[in-house]
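# What the coordinates show
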Amino acid sequence: MSVASPRMRVTLCAERGLVTQTTARTDGFHFRYRSLLAELKAMAELSIVLLGEPKEGLDEFRKLLSDESTIAIVPYLNPNRSRSRRALRAARGLITADLSGWQVDLVAAVNRTEPDLVVVTALGRQSLRFAEVLARWPTLLIAEEDTSVLSGFDRPESRAGQLLFAAEDSAFHRRVPQNGAVVVISRREVEWARSYFRTSSVTVVPHAIDMDYWSLGERMRSEPQAGVLAVGQFGMPRNARGLVDVAQALAARPAWQQRLKVISGTRPPMAQLPPFVDFLGAVDDPRAHYASSIACLVPAFEVSGTKTTVLQGWAMECPVVATSPAAASVEGTHDVDLLSGTCPDEVADSLIELMASEAMRSRLVKGGRRALHERHSPEGARAAFAAVVQATSIR
């Protein structure tokens, strides 16, 4: 009589934002992390350690996990509001091995779960907060490059910021051995991950969206189409810059005769945008806007991870015009599944070219759907994630 082997024990460590990332909405990373949680639940005994008390959504999160998974919350209160002071404290702690109270609590919470594998989710430098965890257990780090523009002397453009970040990174690397693997969501982040985490064990688990939700139903197919749609957080400076530059390039071209509809939860700099830009604010369901648009524009020149809006356009059969960095984030090919440009003028020219050719729009829609199913399907992403979990575990 055979005896069933015990299930792998996996502990997921994340900041409190994981709760809203998995419960708040159906698009973007919300679907990605729900899928990863489902895969971990299917293959292992899952425990969750959250760094910080979630502001909302914890009850929904517990329902999502069911009673099979345990959740521990480690309070994370840092009295230093300045990013520079937090970074200096983190670097000093990594160098001297002196742990603050929350670090001790974090290690203890993970230790109680007796994991075979720890999975950590964090942006680039946020992984510093999990350095003690990364140093103690076989770890799979789900990482994303953090390209946020910082303020004060922390700005990467400033000499002081560069020196601070270099010291912080050096301390991190001295403390964390190469005892695990790194997962990124785009091939364009592989070199960054190898350099930043100093490891050759980097695996791409492609970003996927919920294609049951993001689909063009029969009712939507009958929507009259007009204008071009841009979706994003355009109140953020790095996103606003691309939108403003492309819009101004369009304004300089007499051939441009369309409205540009902007969906954003944060207000873009309207004073810098031409009169043909319509700010729609945040909308509950952007699918109808994709369906009623001739094309969608992804104007981001500063990109980390995967531009979900490209995937949404592909899924909604809305031809995509994007910057070259946005196209590269989904391995898009110019004139096959999207049009792309390396600068605002090229993006504007591509958009005008697309507006003039129904045959090109039809061809790009077909190419986009094919790319979505071949490279960004939920099934493919879950299979790739399951494979790297098995390979990294000590079992």
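Residues numbered from 1 in each chain as written. Predicted model: local features only at pLDDT ≥ 70, side-chain atom pairs only at ≥ 80, totals over all residues. Heavy atoms only, no water.

Two elements in contact, helix α14 (residues 344-355) and helix α15 (residues 358-375), have axes whose closest approach is 6 Å; the angle formed by their N-to-C orientations is 105°. By the angle between their axes, α14 is roughly perpendicular relative to α15. In this structure, α14 contributes Glu353, Leu354 and Met355 to the contact, and α15 contributes Met360, Arg361 and Leu364. In the contact of α14 with α15, the residues fall into 4 nonpolar, no polar and 2 charged. (Axes fitted to C-alpha atoms, helices over the stretch in contact; angles between N-to-C directions. Helix = DSSP H or I, 4+ residues; strand = E, 2+ residues; numbered from the N terminus. Parallel < 35°, antiparallel > 145°, perpendicular 65-115°, else oblique. Contact = heavy atoms within 4.5 Å. Nonpolar A, V, L, I, M, F, W, Y, C, P; charged D, E, K, R; others polar.)

Strand order in the open sheet formed by 6 strands is β10-β9-β8-β11-β12-β13, and the pairing between neighbours is parallel. The sheet is open, and its two borders are formed by β10 (277-281) and β13 (339-341), each paired with just one other strand. Neighbour-to-neighbour, the strand axes of the sheet open up by a mean angle of 25°, direction not taken into account. Note: strand β9 (residues 260-263) against β10, 4 bridges, orientation parallel. (Pairing = 2+ DSSP bridges.)

For the structure on display, the rule yields 11 salt bridges. Between arginine 9 and aspartate 116 there is a salt bridge whose closest N-O contact spans 4.0 Å. Of the two residues, arginine 9 is situated in strand β1 (residues 8-15) and aspartate 116 in the loop between α5 (101-112) and β4 (117-123); the sequence distance between them amounts to 107 residues. Assessed through its relative accessible area of 5%, aspartate 116 is described here as buried. Its salt-bridge partner being arginine 194, residue glutamate 191 comes within 3.0 Å of it at the nearest N-O pair. Taken as a pair, glutamate 191 and arginine 194 lie in helix α8 (residues 190-197) at a separation of 3 residues, close to a single helical turn. Judged by its relative accessible area of 52%, glutamate 191 falls in the exposed class. By relative accessible area, arginine 194 is classed as partly exposed at 36%. The network of salt bridges with common partners includes Arg253, Asp345 and Asp349. (Salt bridge = Lys/Arg side-chain N within 4 Å of Asp/Glu carboxyl O. Buried < 20%, exposed > 50% of the residue type's maximum accessible area, 1.4 Å probe, protein only.)

Judged by which residues are buried, β9 turns out to be covered on both faces: Leu260 and Val262 on one side and Lys261 and Ile263 on the other are all buried. Inspection of the sheet shows strand β8 (residues 228-231) paired to β9 by 4 bridges, in the parallel sense. Looking at β9, one finds that valine 228 is bridged to leucine 260.

Counting residues in hydrophobic clusters, the biggest one holds 33 residues, and the most contacted among them are Ile48, Phe61, Leu140 and Phe385. Counting residues per element, this core draws most heavily on helix α2 (residues 28-43), at 6 residues. Those residues in contact with leucine 140 that lie beyond four places of it in its chain are Leu117, Val118, Val119, Val120, Ala181, Val183, Phe385, Val388, Val389 and Thr392. Val107, Ala109, Ala122 and Val133 belong to the second-largest nonpolar core, a separate cluster that totals 30 residues. (Core = buried A, V, L, I, M, F, W, Y, C linked by side-chain atoms within 4.5 Å.)

Let us now look at the environment of arginine 375. For arginine 375, the position within the fold is in helix α15. Taking the relative accessible area as the measure of exposure, arginine 375 reaches 24% and is therefore partly exposed. In this structure, the C-alpha to C-alpha distance between arginine 375 and valine 205, residues 170 residues apart in sequence, is 9.9 Å. When sequence neighbours within four positions are dropped, the list of residues in contact with arginine 375 reads Pro206, Trp314, Val330, Glu331, Gly332 and Asp337. Here glutamate 331 takes part through its backbone oxygen, which lies 3.0 Å from a polar atom of the side chain of arginine 375. (Polar contact = N/O pair within 3.5 Å; in protein donor to acceptor, adjacent residues only side chain to side chain.)

A separate point is the environment of aspartate 278. With respect to the helices and strands, the residue aspartate 278 is situated in strand β10. Using a relative accessible area of 26% as the deciding quantity, one classes aspartate 278 as partly exposed. The sequence separation of aspartate 278 and arginine 259 amounts to 19 residues, and the corresponding C-alpha distance is 7.1 Å. Not counting residues within four places of it along the chain, the set of residues in contact with aspartate 278 comprises Arg259, Leu260, Lys261 and Val262. A polar contact is formed between the side chain of aspartate 278 and the side chain of arginine 259, at a distance of 2.7 Å.

Under the 1.5 Å per step criterion, the end-to-end length of α5 is 17 Å for 12 residues, consistent within 8% with the ideal 16 Å. Taken together, the buried residues of α5 touch β1, β2 (44-51), β3 (70-74), β4 and α6 (131-136). (Expected span 1.5 Å × (residues − 1).)

Attention now goes to the packing of aromatic side chains. The full count for this structure, using the stated rule, is 6 aromatic pairs. When the centroid spacing of 5.9 Å and the interplanar angle of 15° are considered together, the rings of tryptophan 192 and tyrosine 196 count as stacked. Placement of the pair is tryptophan 192 and tyrosine 196 together in helix α8, with a separation of 4 residues, close to one helical turn. An identical accessibility class is assigned to tryptophan 192 and tyrosine 196; each is buried. Ring geometry for tryptophan 192 and phenylalanine 197: centres 5.6 Å apart, planes at 80°, overall edge-to-face. Per residue, the accessibility class of tryptophan 192 equals that of phenylalanine 197, and both read buried. Lying across the ring of tyrosine 213, arginine 287 places its NZ or CZ 3.9 Å from the centre. (Phe/Tyr/Trp six-rings, centres within 6.5 Å; stacked < 30°, edge-to-face > 60°. Lys NZ or Arg CZ within 6 Å of the ring centre and 35° of its normal.)

Purely spatial values, then, with no claim about function.
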